[in-house]
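Coordinate inspection notes
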Amino acid sequence: MSAPAIETLAAQSRNTAKVPGSVFVLMHPTLTPAESCHPVSGCGILPAQLTLKKWDQTMNAKAELPGHAQYPNLFSPLDLGHTQLRNRCIMGSMHTGLEEQPDGFERMAAFYAERAAGGVGMIITGGISPNEEGGLVVKGEDGKPLAAASKLNTEEEAAGHRIVTDAVHAAAPDCKICLQILHMGALAYNEAAVAPSPVRSRIGAFSPNELDEAGIEKQIADHAHCAKLAQQAGYDGVEIIGSAGYLLSTFLVEKTNQRTDQWGGSYENRMRFPVEVVRRVREAVGPDCIVIFRIAAMDMLQGGMSWDEIALLSKAIEAAGASIISTHFTWHESQVPTIATMVPRRAFTGVTKRVRNEVSIPVITSNRINMPDVAEAVLVDGDADLVSMARPMLADAELMKKAAEGREQEINTCIACNQACLDHTFAMKTTSCLVNPRACHETMIKWGPAEETKNIAVVGAGPAGMAYATVAAERGHAVTLFDAADEIGGQFNLAKQVPGKEEFHETLRYYRAMLEKYAVTVKLGDRVDAAQLAAV
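Only a predicted model underlies this, so the values are computations on that prediction, with no experimental measurement involved.

So, about the overall build of the protein chain. On a plain count of helices and strands, the protein chain comes out with 17 helices and 19 strands. Burial statistics for the protein chain: of 536 residues in total, 61% are counted as buried. Total accessible area on the protein chain stands at roughly 20800 Å², and carbon and sulfur atoms take up 52% of it.

Written out as structure tokens, the structure reads:
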């Protein structure tokens, strides 16, 4: 994205002599890395033909690393009986928008492969619908459905998903990847949306069609079929989402399940559908496949599930064949914030602990866990067996690798701003990350060592200027970063003072570390002029 506040100063109408092998860039203090000029081809997306830096396999090494001693629980393996997870860190599911792209399989492959190489123990994909009525159907110009990554109920789509799983397992053979089966139910952007009762969600686009007995059987069978195809496509398992206001969760509460047959009424009847889905999925995939169930550990919904009902469901899901239970917090239509920067770190892990006390299988917790020390504390306190970090893996694909190597200061921390992830998703745009614009654009934004190194002056040490300076220096250029202020950060220094935005400190910590690592010369308190630039 080009920014009007960015100005190339070399050889422009300021009577500044052009210095051979030099580049001058003026950065506006409010621009983020995602809006900055990249030090390869000026403003905008980097040329796709540049060579992507090779991601080493340090995390696969058997030698003890500094982080293993500092975070012994986080880096301990977890035995699931038929397989083992290499550590306790999960990259949780999140919709990226790649699922609906024409080249979505290839882009998903690159996106997830970088995270696998970066050290995460298990990856869970964005939600994939088991049928047409369960999600957003991608159509071509002729109006006919296309084989896209957003749905999995055909052999053709399974072949596409094989591109993703092969890439992940090639990048890190001991990293597991599971496909999330997401039937959106009443939240599907689809006139064929279905639900237990024709109750329109407060945030839904359509009133759902009420399922009859045959329709319920079809949805159960489609979940099992999707799981079998996922296994065929090379996934190590599946996650079934039974929370957030999606199909399975709408069977659980009386607000959205007004049936009087065997699928409604008493709680035992209302939980019959999700339990049967898990049972049939396990039957379809056999004993050697990971089956995760995402449960609403608290739905924060008027007329929602009681704690006793959540505990009963947890036990029934375990008995039906789940390998792991993953805890989710609130329905999407709830107005309680759970992932915004104002929410304290690990705010809901105590809720997960209550679920963990009810079952004997491993339990995953999530939400506002964004650094290895936070994850370690969750495990030490016994709140969960596994820690899910989704958006933190957007911000830094190598989070676990850096933690293992004792390079925590180099972790580009998720600041929970939601601006380029959730906001993009709701606007039907491809996800990215405010602090890492490469996220979900790995096949487009690439850089390697510069063929010809230059002296580069960057004017403005806001987030965009720091991003430009560090990437340019990483590529081998000699970079000098100027700012008239007496500290780096530009207007981030104002933002970090706003109550609830303390995470912004982390971005500045990250850039201090990277400026030092790549030997960027930083000149603060210096309102630069043309003569100084000419001398660079």
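Once the structure has been displayed, the description carries forward.
Scored by pLDDT, the protein chain has a mean of 88; 87% of the residues are at 70 or more. Low pLDDT (under 50) marks residues 1–22, which in the prediction has 40 contacts with non-local residues, meaning those over four places away or in another chain. Confidence over residues 34–62 falls short of pLDDT 50; this stretch has 84 contacts with residues more than four positions distant or in other chains.

Where charged atoms of side chains with opposite charge meet at close range, the side chains can pair. Enumeration according to the criterion identifies 29 salt bridges in this entry. A salt bridge links Lys151 to Glu132, with the shortest nitrogen-to-oxygen separation between them at 3.8 Å. Taken together, the residues Lys151 in the loop between strand S8 (122–128) and helix H3 (155–171) and Glu132 in the loop between S8 and H3 connect sequence positions 19 residues apart. Looking at Lys151, the relative accessible area reads 10%, which means it is buried. Of the charged contacts in the structure, one is a salt bridge between Lys255 and Glu333, with a shortest N-O distance of 2.9 Å.

It is worth spelling out the state of the cysteines at this point. With the rule as written, the count across this model stands at 0 disulfides. Cys289 carries a free sulfur, and the closest cysteine sulfur to it, the one in Cys178, is 7.2 Å from it.

So, about empty space enclosed by the protein. Going through the model one piece at a time under the given rule, you end up with 2 cavities of 30 Å³ or more. As a volume, the largest cavity reaches approximately 70 Å³. Lining the largest cavity are Arg391, Leu394, Cys414, Ile415, Ala416, Cys417, Asn418, Cys421, Ser432, Cys433, Leu434 and Val435. Broken down by class, the residue content of the lining of the largest cavity amounts to 9 nonpolar, 2 polar and 1 charged.

Pairing in this closed barrel of 8 strands is parallel, and the strands run S7-S8-S9-S12-S13-S14-S15-S16 around the ring. The sheet shows a mean angle of 30 degrees between the axes of neighbouring strands, taken without regard to direction. Bridge count for strand S7 (residues 89–91) against strand S16 (residues 386–388) is 2 bridges, and the pairing is parallel. Among the inter-strand pairings, Ile90 is bridged to a residue of S16, identified as Ser388. Contacts from helix H8 (residues 307–320) reach strand S13 (290–298) and strand S14 (324–329), with the element oriented near 175 degrees to S13.

Turning our eyes to something else, we now look at the environment of Leu136. Structurally, Leu136 is set in the loop between S8 and H3. Not counting the four nearest positions on each side in its chain, Leu136 is found in contact with Glu100, Ser150, Tyr189 and Met428.

The subject of this paragraph is the side chain of Lys496. Within the secondary structure layout, Lys496 lies in the loop between helix H15 (492–495) and helix H16 (504–517). Residue contacts for Lys496: discarding those within four places in its chain leaves Glu487, Lys501, Glu502, Phe504, His505 and Leu508.

One can find Ser150 in the loop between S8 and H3. According to the relative accessible area criterion, Ser150 is buried, its value standing at 7%. Measuring from C-alpha to C-alpha, the distance between Ser150 and Asn131 comes to 9.7 Å, with 19 residues separating the pair along the chain.

For the rest of this paragraph, the subject is the side chain of Asp483. Position of Asp483 relative to the elements: it lies in strand S18 (residues 478–483). Despite its burial, Asp483 remains without a salt bridge, the nearest opposite charge being carried by Arg527 at 7.6 Å. Here the side chain of Asp483 touches Ala485 through a polar contact of 2.8 Å, landing on its backbone nitrogen.

It is worth spelling out helix H4 (residues 213–232) at this point. The end-to-end C-alpha separation of H4 is 29 Å, in line with the 28 Å expected for 20 residues at 1.5 Å each. By the burial criterion, the buried members of H4 are Gly215, Ile216, Gln219, Ile220, Asp222, His223, Ala224, Cys226, Ala227, Leu229 and Ala230. Here the buried face of H4 lies against H3, strand S9 (176–181), strand S10 (194–195), strand S12 (237–242), helix H5 (247–252) and helix H7 (272–285). Where H4 begins, the capping side chain belongs to Asp212, and its oxygen is found 3.3 Å from the backbone nitrogen of Ala214.

Another aspect to go through is unusual backbone geometry. Here Asn367, not a glycine, exhibits a phi torsion of approximately 80 degrees, which is positive. By the element assignment, Asn367 lies in the loop between strand S15 (363–365) and helix H10 (372–380). The backbone phi angle of Ala416 is positive, close to 60 degrees, even though this residue is not glycine. When its relative accessible area of 3% is taken as the criterion, Ala416 is described as buried.

All right, on to the packing of aromatic side chains then. Applying the stated criterion to the full structure yields 7 aromatic pairs. The interplanar angle of 65 degrees and the centroid separation of 4.9 Å between the aromatic rings of Tyr510 and Tyr511 together place this pair among those described as edge-to-face. In terms of burial, Tyr510 and Tyr511 fall into one category: buried. Taken together through their ring pairs, the aromatic side chains of Phe251, Trp263 and Phe273 make up a single cluster. We note Arg354 situated over the ring of Trp307; from NZ or CZ to the ring centre the distance is 4.0 Å.

So, how was this worked out
- Residues numbered from 1 in each chain as written.
- Predicted model: local features only at pLDDT ≥ 70, side-chain atom pairs only at ≥ 80, totals over all residues.
- Heavy atoms only, no water.
- Helix = DSSP H or I, 4+ residues; strand = E, 2+ residues; numbered from the N terminus.
- Buried < 20%, exposed > 50% of the residue type's maximum accessible area, 1.4 Å probe, protein only.
- Areas by Shrake-Rupley, 256 points an atom, 1.4 Å probe, with all protein chains shown as cover.
- pLDDT = per-residue confidence, 0-100.
- Contact = heavy atoms within 4.5 Å.
- Salt bridge = Lys/Arg side-chain N within 4 Å of Asp/Glu carboxyl O.
- Disulfide = S-S within 2.5 Å.
- 1 Å grid on protein atoms, 1.4 Å probe; cavity = no way out; pocket = protein on both sides within 12 Å on 5 of 7 lines; lining within 4 Å.
- Points joined across faces, edges and corners; volume = space filled by probe spheres on them.
- Nonpolar A, V, L, I, M, F, W, Y, C, P; charged D, E, K, R; others polar.
- Pairing = 2+ DSSP bridges.
- Axes fitted to C-alpha atoms, helices over the stretch in contact; angles between N-to-C directions.
- Lys, Arg positive; Asp, Glu negative; His and termini not counted.
- Polar contact = N/O pair within 3.5 Å; in protein donor to acceptor, adjacent residues only side chain to side chain.
- Expected span 1.5 Å × (residues − 1).
- Phe/Tyr/Trp six-rings, centres within 6.5 Å; stacked < 30°, edge-to-face > 60°.
- Lys NZ or Arg CZ within 6 Å of the ring centre and 35° of its normal.

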